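Chain by chain, the residues run as shown.
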Protein chains: 2
Amino acid sequence: MPRVVDHGQRRGEIAAALWRVAAAEGLEAVSLARVAQEAGVSKGRVQHYFASRDELLDFAAQQLQLRVDGRVRARMAAAAPSSPLGEVRALLTALLPLDDDARTDARVGSAFLIRALGDERLRETYRSGDRLIHGAVAERLAAARDAGELAGLDPGREATVLLALAGGLAESVLLGDTDGVAAVAVLDHQLGRLRP
Amino acid sequence: MPRVVDHGQRRGEIAAALWRVAAAEGLEAVSLARVAQEAGVSKGRVQHYFASRDELLDFAAQQLQLRVDGRVRARMAAAAPSSPLGEVRALLTALLPLDDDARTDARVGSAFLIRALGDERLRETYRSGDRLIHGAVAERLAAARDAGELAGLDPGREATVLLALAGGLAESVLLGDTDGVAAVAVLDHQLGRLRP
């Protein structure tokens, strides 16, 4: 039996508690004391892993990117060996809050957006994530075009349209304006329009 | 000279201070004390008009709807006597953060979104605004179809696509991923696609 505390596991438990608080109550509610209460540990214990609220929130922002990235990769792997357009569809649907995990992430992501607007470093994290995903979509659209799956369109521009559409739909699903099935149907409608 | 304090004007000055705080620092930063400081009045003075932080935020949410509604109407009036599709374009561009006022509103709107997710009443305010605007776009798309300006498409579905697209683009402009000119070009690209 290991006699030392598993640092990574403890940190992970505290991060999970932070996640629950942020998703249910927004980032406003995240404090060292509130997260300690949620995790069932002392505030001192939380401070052992995260020196300040800002450190806790930075860690959460990194976790969010990893979670979204993981979901995108999983959906795209599940879509293989489909067509390039099938991969684009898998990627875009991974950005919608279609299950509890994705819904939690979308809530936390929305909470981070307003924080990112006032924080250059966090905004750059956000933007570099957006650029990566835009590049991935544009690359697959170019492959779809080369495979004759796509009308003679500009892959970069169509990637911008599709990602903005997915972003707007994600907000709509989160608010309950649109359900998940309808949101995917709207994406499919737009994807269908790109075919020659 | 009036000897009584102009209640509406004082309330308006406090609301303007609230707006500046919310846009610059997010709703997290909004408190009776912070807004009083920004307005250059005492906290007691603020409490004279708004009994609690929640009342202040509810007032701000109503103001936000009025401001967006006013901007949409102004843009649509300026687009007249254009075509129905020209009106749709005016309405959609009014939703993008293309000037300082619209940018401020978009920041405050983003801050409210996460609050709305945890507050059924505020979420319903949000949703009813979205339904109104969706109805306005769908109605004009139907008129465009009847005028032969539009391919044989479902106006309700295309309204959903266009509004989700505008919502995603607004976030992108806010984050600095896309500039306003490029965002309008993306909207025009999608509108162009609807023509027969």
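Predicted model only: the values in this text are computed from it and were never measured.

**As for the overall build of chain A**
Now for step 1: Counting its regular elements, chain A contains nine helices and zero strands.
Now for step 2: With the C-alpha coordinates of chain A rotated into their principal frame, the extents come out at 60 × 40 × 30 Å.
Now for step 3: Across the 196 residues that make up chain A, the buried fraction comes to 46%.
Now for step 4: For chain A, restricting intrachain contacts to residue pairs at least 6 apart in sequence, the fraction spanning at least 24 positions comes to 62%.
Now for step 5: Approximately 9,200 Å² of chain A is accessible, and the part contributed by carbon and sulfur atoms is 51%.

**Comments concerning the interface of chain B and chain A**
Now for step 1: Counting from both sides, the interface comprises 36 residues of chain B and, opposite them, 36 residues of chain A.
Now for step 2: Taken together, the two surfaces of chain B and chain A that pack against each other cover about 3,300 Å², and 62% of this comes from carbon and sulfur.
Now for step 3: Our enumeration of links across chain B and chain A arrives at four salt bridges.
Now for step 4: Of all the secondary-structure elements, those providing two or more residues to the side of chain B that touches chain A are helix H6 (100-117), helix H7 (120-146), helix H8 (155-175) and helix H9 (180-194) of chain B.
Now for step 5: In terms of residue count, the dominant contributor to the side of chain B that touches chain A is H8(B) (eleven residues).
Now for step 6: Residues that form the side of chain B that touches chain A fall into these classes: 17 nonpolar, eight polar and eleven charged.

**Concerning the domain arrangement of chain A**
It is common to give the size of an interface as the accessible area lost on bringing the parts into contact.
All names here are of chain A.
Now for step 1: Taken domain by domain, chain A holds domain 1 (1-51) and domain 2 (54-194).
Now for step 2: With 16 residues of domain 1 at the interface, the matching set in domain 2 holds 15 residues.
Now for step 3: Taken over both partners, the interface formed by domain 1 and domain 2 buries close to 1,300 Å², and the fraction arising from carbon and sulfur atoms is 80%.
Now for step 4: At the boundary of domain 1 with domain 2, the tally comes to zero salt bridges.
Now for step 5: Linking domain 1 to domain 2 there are two residue pairs in polar contact (both at pLDDT 80 or more).
Now for step 6: For the side of domain 1 that touches domain 2, the secondary structure elements donating two or more residues are helix H1 (7-25) and helix H2 (32-39).
Now for step 7: The greatest single-element share of the side of domain 1 that touches domain 2, amounting to eight residues, is contributed by H1.

**A few points about the packing of aromatic side chains**
Describing an aromatic ring pair means giving the distance of the ring centres and the angle of the ring planes.
Residue and element names in this part refer to chain A.
Now for step 1: Within the structure shown, the criterion is met by two aromatic pairs over all chains.
Now for step 2: Each ring, one from Phe 50 and one from Phe 59, has its centre 5.2 Å from the other, and the planes form 55°; the classification is tilted. Exposure class is identical for Phe 50 and Phe 59. Each is buried.
Now for step 3: The side chain of Arg 11 reaches across the aromatic face of Phe 59, ending 4.6 Å from its centre.

**Re helix H2 (residues 32-39) of chain B**
Residue and element names in this part refer to chain B.
Now for step 1: For H2, the set of buried residues is Leu 32, Val 35 and Ala 36. Angular distribution of buried residues about the axis of H2 spans 105°; they occupy a single face of the element.
Now for step 2: Packing partners of the buried residues in H2 comprise helix H1 (7-25), helix H3 (43-49) and helix H4 (53-79).
Now for step 3: Looking one or two residues past H2, Gly 40 carries a phi angle of roughly 70°, positive in sign.

**Description of the nonpolar core**
Now for step 1: One finds A:Val30, A:Leu56, A:Phe112, B:Val30, B:Leu56 and B:Phe112 to be the most contacted residues of the largest nonpolar core, which totals 68 residues.
Now for step 2: In contact with B:Val30, not counting residues within four places along its chain, are B:Leu18, B:Val21, B:Ala22, B:Val35, B:Arg53, B:Leu56 and B:Leu57.
Now for step 3: If you look at the next biggest cluster of nonpolar residues, it comprises 32 residues, including A:Leu141, A:Ala166, A:Val186 and B:Ala164.

**Considering the relation of the copies chain B and chain A**
Now for step 1: Least-squares fitting of chain B to chain A yields an RMSD of 0.0 Å, with the transformation described by 0.0 Å of translation along the axis and a rotation of 180°. The symmetry that links the two subunits is that of a two-fold axis.
Now for step 2: Interface residue correspondence from chain B to chain A reaches 100%, placing this contact among same-surface, isologous pairings.

**Observations concerning the UniProt feature "domain: HTH tetR-type" (unreviewed entry) in chain A**
Now for step 1: Per the UniProt record, "domain: HTH tetR-type" (unreviewed entry) is found at residues 8-68 of chain A.
Now for step 2: Here residues 8-68 of chain A runs as 80% helix and 0% strand, with 21 Å between its end C-alpha atoms.

**Description of helix H6 (residues 100-117) of chain A**
All names here are of chain A.
Now for step 1: An ideal rise of 1.5 Å per residue puts 26 Å on 18 residues; H6 measures up with 26 Å between its terminal C-alpha atoms.
Now for step 2: Among the 18 residues in H6, 14 count as buried, and that is most of the element.
Now for step 3: Its side-chain oxygen 3.2 Å from the backbone nitrogen of Asp 101, Asp 99 forms the N-cap of H6.

**So, the pattern of salt bridges**
All names here are of chain A.
Now for step 1: Inspection of every chain in the model, using the stated rule, returns 26 salt bridges over all chains.
Now for step 2: As a salt-bridge pair, Asp 105 and Arg 71 come within 3.0 Å of each other at their nearest N and O atoms. Separated by 34 residues along the polypeptide, Asp 105 in helix H6 and Arg 71 in helix H4 (residues 53-79) bring together distant segments of the chain.
Now for step 3: Taking relative accessible area as the criterion, Arg 71 reaches 16% and is therefore assigned buried.

**Side note on the UniProt feature "DNA-binding region" (unreviewed entry) in chain A**
Now for step 1: When the UniProt feature table is mapped to this numbering, "DNA-binding region" (unreviewed entry) covers residues 31-50 of chain A.
Now for step 2: Annotated as residues 31-50 of chain A, this span is 75% helix and 0% strand, and its ends, taken at the C-alpha atoms, are 11 Å apart.

**Here we look at the packing of H6(A) against H6(B)**
Now for step 1: At a minimum axis distance of 9 Å, the contact between H6(A) and H6(B) shows a crossing angle of 150°. What the angle tells us is that H6(A) and H6(B) run roughly antiparallel. H6(A) and H6(B) meet at a crossing whose hand is left-handed. Contacts from A:Arg107, A:Ser110, A:Ala111, A:Leu113, A:Ile114 and A:Leu117 in H6(A) reach B:Arg107, B:Ser110, B:Ala111, B:Leu113, B:Ile114 and B:Leu117 in H6(B).
Now for step 2: Taken together, the residues of the contact of H6(A) with H6(B) sort by class into eight nonpolar, two polar and two charged.

Procedures and definitions
Residues numbered from 1 in each chain as written. Chains lettered and ligands numbered in written order. Predicted model: local features only at pLDDT ≥ 70, side-chain atom pairs only at ≥ 80, totals over all residues. Heavy atoms only, no water. Helix = DSSP H or I, 4+ residues; strand = E, 2+ residues; numbered from the N terminus. Buried < 20%, exposed > 50% of the residue type's maximum accessible area, 1.4 Å probe, protein only. Contact = heavy atoms within 4.5 Å. Areas by Shrake-Rupley, 256 points an atom, 1.4 Å probe, with all protein chains shown as cover. Buried area = accessible area lost by both parts, 1.4 Å probe. Salt bridge = Lys/Arg side-chain N within 4 Å of Asp/Glu carboxyl O. Nonpolar A, V, L, I, M, F, W, Y, C, P; charged D, E, K, R; others polar. Domains from an automatic or database assignment. Polar contact = N/O pair within 3.5 Å; in protein donor to acceptor, adjacent residues only side chain to side chain. Phe/Tyr/Trp six-rings, centres within 6.5 Å; stacked < 30°, edge-to-face > 60°. Lys NZ or Arg CZ within 6 Å of the ring centre and 35° of its normal. Arc of directions from axis to C-beta. Core = buried A, V, L, I, M, F, W, Y, C linked by side-chain atoms within 4.5 Å. Least-squares fit on C-alpha atoms with pLDDT ≥ 70 in both. UniProt positions renumbered as here; feature names shortened; annotations may be inferred. Expected span 1.5 Å × (residues − 1). Axes fitted to C-alpha atoms, helices over the stretch in contact; angles between N-to-C directions. Parallel < 35°, antiparallel > 145°, perpendicular 65-115°, else oblique. Left-handed = near helix turned anticlockwise from the far one by under 90°.

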